[in-house]
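# Examining the three-dimensional arrangement
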Amino acid sequence: MKIFQKILGMMLPIALISLFMGSWLTYSLSRQALDLMAERWLGTRLNEAVTMVTQHKEFLRLYGITDIRAGTTKAQFDAALDLKSIQIGDHGYIYLLDETGTVVSHPDLEQVGNNISHYEWVKPMLQKVSGSISYEWLGDTHLGMFAFFKPWGWIIVATDPFDEIYGTMNHAKKYILALAVFGSMGISLLAIILVRRLVIPLQLLVQGTQRVGKGDLDVSIPIKSRDEIGHLSRAFNVMSHNLKQSLGAYKQSEVSLQ
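Here's a quick rundown of the structure. What you are looking at is a predicted structure, and each value in this text was computed from that prediction instead of being measured.

Further remarks concern the pattern of salt bridges. One side chain can pair with another of opposite charge once the charged atoms of both are near each other. A complete count under the given rule lists four salt bridges for this structure. Note that E48 is salt-bridged to R45, the shortest N-O span being 3.2 Å. With E48 and R45 both in helix α1 (residues 3-62), this residue pair falls three residues apart, about one helical turn. With a shortest N-O distance of 2.6 Å, K74 and D78 are connected by a salt bridge.

Given below as structure tokens:
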């Protein structure tokens, strides 16, 4: 195998692997950062919703009508209505479940009254804790943050479709992939050029030594650099010149002896 192929065979895999790993790492870290931002963003909207519901509950306590069913029903109705004003992107929203998994409030009125406790992703919500989930709902994949509001037995959920949260990142993924592909082509071309610049002087040295071995001492290697190869070429030229002088002196001494 020629030295050109050996050097190229070592350089290219390392360069290409580094490029693709760098691209993958960039995408992965960006996705993780976006995950964190999305959860914090939804968490902020969820806290806003909990605060809004709490204010309606405190209104009942303030006026001492907590035990009046009609007053509580009116406060809950007003709270659910106010939650619809919370903006979560273009497609996100707040919805409510009760302790049994029945939809209390939802932008899609057809869902109100439906019991969805049979879905696996609902079961963590029914544990009366706070948390986050990703789930399939109404044909879309969603990210959701939920909290349990104990006074009214409500599970408050702030949710947004993945398409909206990760739309920009998914779009950027195409550009990152394109960058990796075209970058690998550019690195391959650059590696070929650099290796050729390194190998050509070596090839000239090999050809020079072969000519010297055949008795041709008029060999002169062009010096195009000041690196180690340039020094080696200069040393070769000096050696070739000295050999030529020595051979000339030897021939002259033979003539004198005759």
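Let us keep going from here.
Our next topic: the nonpolar core. The biggest cluster of nonpolar side chains holds 25 residues, and the ones touching the most others in it are V53, L83, I86, I94, W152, W154 and I156. No other element matches the seven residues that α1 contributes to this core. Setting aside residues up to four positions removed in sequence, V53 forms contacts with A79, L83, F149, W152, W154 and I156. The next biggest cluster of nonpolar side chains, apart from the first, holds 15 residues, and it includes I116, M125, I133 and W137.

A few words on the packing of aromatic side chains. Considering all chains together, one arrives at seven aromatic pairs under this definition. For the pair Y119 and W121, a centre-to-centre distance of 5.6 Å together with 25° between the ring planes defines the contact as stacked. Residues F149 and W152 carry aromatic rings whose centres are separated by 5.7 Å and whose planes lie at 75° to one another, so their mutual orientation is edge-to-face. The burial state of F149 is the same as that of W152; both residues are buried. An aromatic cluster of at least three residues, connected via ring pairs, comprises Y119, W121, Y135 and W137.

A separate point is the pairing of strand β3 (residues 131-137). As defined by bridge partners, β3 adjoins strand β4 (residues 140-149) across seven bridges and the pair is classed as antiparallel. Pairing of E136 across the sheet is with T141, part of β4. Between β3 and β4, which pair antiparallel one after the other, the connecting turn spans two residues, and L138 there sits at a positive phi close to 55°.

Thresholds, definitions, all that
Residues numbered from 1 in each chain as written. Predicted model: local features only at pLDDT ≥ 70, side-chain atom pairs only at ≥ 80, totals over all residues. Heavy atoms only, no water. Salt bridge = Lys/Arg side-chain N within 4 Å of Asp/Glu carboxyl O. Helix = DSSP H or I, 4+ residues; strand = E, 2+ residues; numbered from the N terminus. Core = buried A, V, L, I, M, F, W, Y, C linked by side-chain atoms within 4.5 Å. Buried < 20%, exposed > 50% of the residue type's maximum accessible area, 1.4 Å probe, protein only. Contact = heavy atoms within 4.5 Å. Phe/Tyr/Trp six-rings, centres within 6.5 Å; stacked < 30°, edge-to-face > 60°. Pairing = 2+ DSSP bridges.

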